[in-house]
Every structure is written in structure tokens, then in C-alpha cells.
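Fold and geometry: a report
Chain by chain, the residues:
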Amino acid sequence: MMKRVFIDTMGCQMNKSDTERMLGMLSYLGYDETDEPKEADLLIINTCSIRQLSEDKAFSEIGTWGQWKKCGKDIKIVFSGCVAQQKQREIFKRAPYVDLVIGTHNIYQLPELIKRIEGGETRICECPDVPYGESDIEIKRVKSVNAWIPITEGCNNFCTYCIVPYTRGRERSRLPETIIKEAKDAIKQGFKEITLLGQNVDSYGKDFKDREYRLADLLTELNALDGEFWIRFVTSYPTDITDNLIETAVKLDKVCEYFHIPMQSGSSEVLKKMNRRYDRETYAEIANKVRRMVPDVTITSDFIAGFPGETEEQFQETLSAMEELNLDYSNTAAYSPREKTVAAKWTDLFIPEDVKTERLKRLNEKNMECCLRSNQKFVGRELDVLIENFENHKGKNVVTGRTRNNKIVHIPCEKDLTGCFVKVKITSAKTWYVNGEIID
Ligand code: SAH
Ligand code: SF4
Ligand code: F3S
């Protein structure tokens, strides 16, 4: 009989991509995915440790699984992802019922470790510091129109607030051959969009000793593959974006007009304390250059409110940067101290919780203004949309999709057009999406 696995994926796209790889490996061990944890024989929590909140959520979720086990249910519990890599054996103290803790560098070791827990071993902790080789298992991609493909793993930047370099290790690029093969497979399986992933995609290839091969080269090769599909890449580190990359992206028809370039703060002083390698003016020059060179481009960002020592004036510089640079959308968060990071030691500079919450609120309000204004720019335009979903929205059938520049579009439609490219006229703008009508 088929065994069942439930995976809760709590983190970023990289974390989602790991889930897809794990599901692929587990299918060879006879596991089928279920979205009902109660039906599962194997329960996996794939965790994120970017903020304290995400870490706490992981422990509260598996508390329930621990209860089921205590009541005699025959289940295995696996703890993976960034919290696993960071806390390792400590996890057993808070969650003694966990059977396996597996790190971020060795997900390809999953099959042999699962066999060991199936054989009755428990409380295994395998979190090596060095990357374990890849295996060429087939990936079980989540059914969608978009396929995530990691191109770099890890990060060397050590921004003072960020835990990623500790949970994902040093930056390393995956081989172009491997990436292109994964892309070909995904296109053959019917995926209509490829999103290349990395903490800093523009440093792709810097670590190759035997060749000169960078992101622009990879985009060029992918663009030449047969089939109708779009290509995206995230995340860009501002000062690593080269003119050659921008020019290449503009030239290639499958590469979308979308850049995610996190600024983090609008204050040059705060940026310095964050160990970001640019100031407000430099970021502005880069963002403006991208806007000049890429017609209709959308630029999105991430911002942190209440970084240690941030003054009210410095916070206001973040608000004014969002406005001045016409950022189209931003992910926002209140600063959360993370173990091992430099800024977490500056406890005397910590901003009180209520001040952080209040700043985050203002940041979100500014973000909403910027988003609405950005969406309004496109009203009346005719744009290509890739349809991702068919649903009943307030009693009416609609399809939703995204434009090349990543705008979400809602379109009244009686037919499920998921996976189709359609020409759409934008009719009105809301804060988080635009409305449109199909014109062909
Ligand atoms: N590599 C990307 C970001 C990856 S983490 C980059 O350099 O921009 C995603 C986002 O989480 C970051 O951009 C940052 O805004 C946020 N973040 C990271 N650490 C955080 C912390 N300690 N507290 C609050 N937000 C944080
Ligand atoms: Fe974290 Fe900075 Fe690396 Fe992004 S660039 S993952 S924010 S350390
Ligand atoms: Fe991603 Fe969270 Fe890890 S953002 S890299 S899953 S800490």
C-alpha cells in the first residue's frame, strides 16, 4: 500500500524548492503526498528561521503531531530546513518526539535517513556543515505553471541582521548543465515559467574556476530553448547588477521585465550598519538605471522597520525612498534579532516592540499607496498575461494570472485557461491587483 507524506513548507522559494526535491525522492520510497496531516504516515516540517515568529510557528505546529504520537499513532516526524540547520540537536529538547532532524546541506541524504527511521531508529540528527553532493533524482514539482530552479545556494554577504549565511552556508553556483537540464524537463512537463533562484543571483558563476560563465550567459542559453515560456530571476543584490545583465535581459524575449532588488532601508547610515554595500544614492542610481533601460519594468524591494538604533528620521528616509523611487511593491518586516548574527548583539540599541509595530504599520501604509499608484499606471494598456488559476470569486468565475512585469490580474472568464498566455486589456486598478478583460 502507498504510504503518505505531509509536508508543511514554511519558508521562501528556496525552501519550497527543497520541498519539491524531497517529495521527488520520497516518491521513490513509495510515499504519495497528502494535504491532510491526519492521514500521513510521515510528517515533515520544512522550517524557516528568518524571523523569530517563523521559528516559533514551527514548534507550535509539530506540538500537535507530537500529541498524536503520544496517543499511540504510528507516525514518523521529520524536522528539516533552516531552523534544523541552526538548532540541530537542540530541537530534541523542545520536541523529543522528532525522529529525524535533517539540515539544509544534505537533503539528498533523505532516502537513506528515512529508511533508518522506518527501520525503528529514532532521534537521528544529520546536519553537516559542508554540502552533500546532488543526486539526479526526478523532482516532484508542485502542480503550477511556474517551476522554481535554484541556481546558487547560500550567501556570502553577512548582512548584520540576517541568518541565511548561517543556515545555508557559503555561496556556491550550480552547474549550468544541471540547471538547463532541469529547465528542459520542466518545460517538457508543461511548465510555462521558469524562476531562477538565489540569495544573490547576480553573483552566479563567480565561483567557477574552469570557466567564465555568468547569469547573462545562463539566461541566453535558457532563452534559446524551444517552447513558449517566460523566465524570471530573484533576488538581485543592488550593486551586483551589471549593465551587461540588464542589456541581456532586455534583449531576450522570454526574460520578463521584473527585478526584485531589496533596499532594506532608505537611510545610508542604517545601510552601513546593516553591512549592505551601497548607500541611498547608489541604490537610487541603480534602480533608476534599471527603469531607464528596461521598458515597463517593475522593481520590487524588501524593507526592515526598526533595525537596532534606527531613529524616527532614519525610518522616515525609508518611507521617502519608497515614494521617490516609485517602488512597485515591497515585502516588509519588523526587525527580529537572530541568534549568531552581528546586530543581535546590539541589545542596547534595540527598538521597543511597540515602536517597531507602529513603524511597520506606517511602512505598510506607504507600501499600499505605492502599489496602487504602480497598478494605476497600467490601466488602459494591453498586456500579455500568463494564467495561473481558475476560481470562483464572490460568485463569479475568474481566472487570475500575472503580466511579464509581475502584476497580478483578475479576469472574468468562464473557462479554465490555466497555463495559457492571453492578451488582456487592463480596465481598473486595486491595491494588490488589476482587473482586465481578454481581448483575443
Ligand atoms: N537575499 C535577499 C534576502 C533574503 S531574506 C537579499 O539580500 O535581499 C528575505 C528578507 O527577509 C530580507 O530581504 C529582509 O528584508 C528580511 N529579513 C532578513 N532577516 C531579517 C530579520 N532578522 N528581521 C526582519 N527581517 C529580516
Ligand atoms: Fe541575508 Fe544579506 Fe545574504 Fe540576503 S544578501 S541572504 S539579506 S545575508
Ligand atoms: Fe529561506 Fe527562511 Fe531559510 S527565508 S533561506 S527558509 S531562513
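Use the structure listed above.
Structural notes, computed from the coordinates. Each chain has its residues counted from 1, running along the sequence as written. Think of it this way: whatever chain is written first is A, whatever ligand is written first is 1, and the rest follow in order. A pLDDT threshold of at least 70 governs which residues receive local features in this predicted model, and a stricter bar of 80 or more applies before side-chain atom pairs are shown or counted, although totals over entire chains, interfaces and linings include all residues. Only hydrogens and water are removed before side-chain values are computed, so all heavy atoms of the structure are retained for them.

1. Section: the site of ligand 2
Taken together, Cys155, Asn157, Phe158, Cys159, Tyr161, Cys162, Val164, Pro165, Gln199 and Arg276 make up all the residues around ligand 2. Each residue gets one of three labels, nonpolar for Ala, Val, Leu, Ile, Met, Phe, Trp, Tyr, Cys and Pro, charged for Asp, Glu, Lys and Arg, and polar for the others, Gly among them. For the shell around ligand 2, the residue count by class is seven nonpolar, two polar and one charged. Here a residue counts as near a molecule or strand whenever at least one of its heavy atoms sits within 4 Å of it.

2. Things to note about the sheet that holds strand 11 (residues 230-234)
Spatially, 7-10-11 is the arrangement adopted by the three strands of the open sheet, whose pairing is parallel. Of all the strands in the sheet, just strand 7 (146-150) and strand 11 have a single pairing partner and so form its edges. Averaged over all pairs of adjacent strands, the angle between strand axes in this sheet comes to 20°, irrespective of strand direction. DSSP calls a pair of strands paired once it identifies at least 2 bridges connecting them. A run of DSSP states H or I qualifies as a helix once it reaches four residues; a run of E qualifies as a strand once it reaches two. Both are numbered from the N-terminal end. Alignment of strand 7 against strand 10 (residues 193-197), held across five bridges, turns out to be parallel. Each residue of the ladder has a partner; that of Trp148, found in strand 10, is Thr195. The axes are straight lines fitted to the C-alpha atoms, using for helices just the contacting stretch, and the angles between their N-to-C directions are given from 0 to 180°.

3. Regarding the packing of helix 12 (residues 312-324) against helix 13 (residues 353-376)
One way to put it is that helix 12 packs onto helix 13 with a least axis distance of 9 Å and a crossing angle of 15°. Considering their axes alone, helix 12 and helix 13 lie roughly parallel with respect to each other. In this structure, helix 12 meets helix 13 at a crossing whose hand is right-handed. Taken together, the residues of helix 13 that come into contact with helix 12 (itself represented by Glu312, Phe315, Gln316, Thr318, Leu319, Met322 and Glu323) are Arg359, Arg362, Leu363, Lys366, Asn367, Glu369, Cys370 and Arg373. Taken together, the residues of the contact of helix 12 with helix 13 sort by class into five nonpolar, three polar and seven charged. When describing relative orientation, an angle under 35 degrees is termed roughly parallel and one over 145 degrees roughly antiparallel, while 65 to 115 degrees is termed roughly perpendicular and anything else oblique. Here is the rule for handedness: rotate from the far helix to the near one, and if that takes an anticlockwise turn smaller than a right angle the crossing is left-handed, while a clockwise turn gives right-handed. Contacts between residues were defined by any pair of non-hydrogen atoms, one from each residue, lying within 4.5 Å.

4. As for the site of ligand 1
If you check the shell around ligand 1, you find 15 residues, and the closest are Gln199, Pro262, Gln264, Asp302 and Ser336. At a separation of 2.9 Å, a nitrogen atom of ligand 1 approaches a polar side-chain atom of Gln199. Ser336 places a polar main-chain atom, nitrogen or oxygen, 2.8 Å from a nitrogen atom of ligand 1. A 1.4 Å probe and the Shrake-Rupley method give the accessible areas. Residues count as covered only by the protein chains that appear here. Expressed as a share of its isolated accessible area of 540 Å², the protein-covered part of ligand 1 is 87%. Mapped onto the shell around ligand 1, the elements with two or more residues apiece are strand 13 (298-305) and strand 14 (329-334). For the shell around ligand 1, a count of residues per class yields seven nonpolar, four polar and four charged. Any N or O atom pair separated by 3.5 Å or less is treated as a polar contact, with the protein-specific requirement of one donor-capable and one acceptor-capable atom, and with residues adjacent in sequence counted only for side-chain atom pairs.

5. Some points on the nonpolar core
For our purposes a nonpolar core is just a set of buried Ala, Val, Leu, Ile, Met, Phe, Trp, Tyr and Cys residues, chained together by side-chain atoms within 4.5 Å. Buried means the residue's accessible area, taken with a 1.4 Å probe over protein chains only, is under 20% of the maximum for its type, while exposed means over 50%, and partly exposed covers the values in between. Leu196, Leu215, Leu218, Leu219, Phe233, Phe259 and Tyr283 are the most contacted members of the largest nonpolar core, which has 65 residues in total. Residues in contact with Phe233, not counting those within four places in the same chain, are Leu196, Val201, Leu215, Leu219, Leu245, Val255 and Phe259. Membership of the second largest hydrophobic core comes to 22 residues, among which are Ile45, Ile62, Ile77 and Ala95.

6. Considerations on the state of the cysteines
We call a pair of cysteine sulfur atoms a disulfide whenever their separation is within 2.5 Å. This structure, assessed with the given rule, holds zero disulfides. For Cys256, which is in no disulfide, the shortest distance to another cysteine sulfur is to Cys420 and amounts to 16 Å. In this structure Cys256 comes out as buried when scored by relative accessible area, which is 4%. Here Cys413 is not disulfide-linked; the sulfur of Cys420 is the nearest cysteine sulfur, at 9.0 Å.

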